[in-house]
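A look at the structure
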Amino acid sequence: MADQDARSGEGRRPTGIPVLRWEEPPEGPVLVLLDQTRLPAEEVELVCTDAAALVEAIRSLAVRGAPLLGVAGAYGVALAAARGFEVEEAAAALAGARPTAVNLAVGVRRAQAAHREALARTGDPGQAAAAALSAARALHREDAEASARMAGHGLALLDELLPAGGHRVLTHCNTGSLVSGGEGTAFAVALAAHRSGRLRRLWVDETRPLLQGARLTAYEAARNDMAYTLLTDNAAGSLFAAGEVDAVLIGADRIAADGSVANKVGSYPLAVLARYHHVPFIVVAPVTTVDPDTPDGASIEVEQRPGYEVTEVTAPQVPVAGAGGGIPVAPLGTQAYNPAFDVTPPELVTAIVTEEGVVSPVTNEALAALCARSRQVTIS
């Protein structure tokens, strides 16, 4: 089960309070999450005492973003083990909570494997639970380190592609510290450019229908004193036409073996616009987002979200009347098409930036070589 607890957030990291943390109060271990559905109006924490509560938090987008979902999934397995629940059942529920986001399943499997190995070796559920928690904490640390390395590689690529500096970068959805153990993926690159004095403007798509750009990316940009401007998703075309975009930076929830990229719906139209206007379209994601078992974009399962996310709008602390808990903006009974993601083919992707380096041009062979190098680094 999950409880909510508001915090003031004074004097903490850019999000005010940690986006995710493990705690061990006297009544038993818990996973504490920053509830991203309540931002930017208030910083409220969810306290999950079991995997079922975490599954609901993942589905409701209280916790979201590919890298962080992997970390959360691993902690969810550790939580089930520490609390004495059926670990295999919890792992299956967690891995299936959001099917498009491959990092979630990767994180779950990592903690699950550590639990299985320790249990088979020692026969002690306590030691097995400790092993799962150790795996989750290791993944959390690795994600923070990967974020910093992606930022470095991404900034170097921007400087190579745009040597004049003064980068004007368009981004979509939210890819900052709210989705990572570190400072994020695509947003971390923009933040590195800002800190080095090379970011002229961050263009922030509001990102329909849940407004992750308006609510979360703008929130993080403001906290970091970045020069940013918010725009509606359908205004991006006029921005390109006016010559105001130097590069597009997005994250990814799954990258197929051929380089097809699944990301928040609205990413594919940006790739088409970028190609037409000769603007680099750059994807920033950890190697764990590359799924060699998914051969191409057509094989990516795209999550379909509830229609009320389109037919209603939600705002914290505003009275609601709709079936989904929001303010109706369409006639009752309106049918809605609401895919959570779209898929961008590799030929529209200028480069994929990972912690292990940059892939450009994006091909099956180049991605396979990158993943092989990553496995060698991990093993050594």
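Data block above holds the structure.
1. As for the overall build of the protein
Looking only at helices and strands, one finds 11 helices and 17 strands in the protein. For 380 residues, the compact-globule formula gives about 21 Å, and the C-alpha radius of gyration of the protein, at 20 Å, lands near that figure. Projected onto its principal axes, the C-alpha positions of the protein cover 65 × 55 × 45 Å. When contacts within the protein are restricted to residue pairs at least 6 apart in sequence, those whose partners lie at least 24 apart make up 74%. As displayed, the protein offers around 15700 Å² of accessible surface, 54% of which is attributable to carbon and sulfur atoms.

2. Examining the pairing of strand E11 (residues 281-284)
Here E11 shows a buried face lined by Phe281 and Val283 and a second buried face lined by Ile282 and Val284. Pairing analysis gives 3 bridges linking strand E8 (residues 247-250) to E11, with the strands arranged parallel. Residue pairing for E11: Leu249 is matched across the bridge by Ile282. Inspection of the sheet shows E11 paired to strand E16 (residues 351-354) by 3 bridges, in the parallel sense. In the strand pairing of E16, Val284 is matched with Val353.

3. Examining the sheet that holds strand E15 (residues 341-344)
Here we have 4 strands laid out as an open sheet, ordered E12-E9-E10-E15, and mixed in their pairing. Strands with a single pairing partner mark the edges of an open sheet, and in this sheet they are strand E12 (290-291) and E15. Judged from the 2 bridges that link them, strand E9 (residues 254-256) and E12 form a sheet pairing that is parallel. Opposite Ile255, over in E12, you have Val290 as the bridge partner. Contacts from helix H9 (residues 267-276) reach strand E10 (261-264) and E15, with the element oriented near 30 degrees to E15.

Rules behind the numbers
Residues numbered from 1 in each chain as written. Predicted model: local features only at pLDDT ≥ 70, side-chain atom pairs only at ≥ 80, totals over all residues. Heavy atoms only, no water. Helix = DSSP H or I, 4+ residues; strand = E, 2+ residues; numbered from the N terminus. Rg over C-alpha atoms; globule rule 2.2 N^0.38 Å. Contact = heavy atoms within 4.5 Å. Areas by Shrake-Rupley, 256 points an atom, 1.4 Å probe, with all protein chains shown as cover. Buried < 20%, exposed > 50% of the residue type's maximum accessible area, 1.4 Å probe, protein only. Pairing = 2+ DSSP bridges. Axes fitted to C-alpha atoms, helices over the stretch in contact; angles between N-to-C directions.

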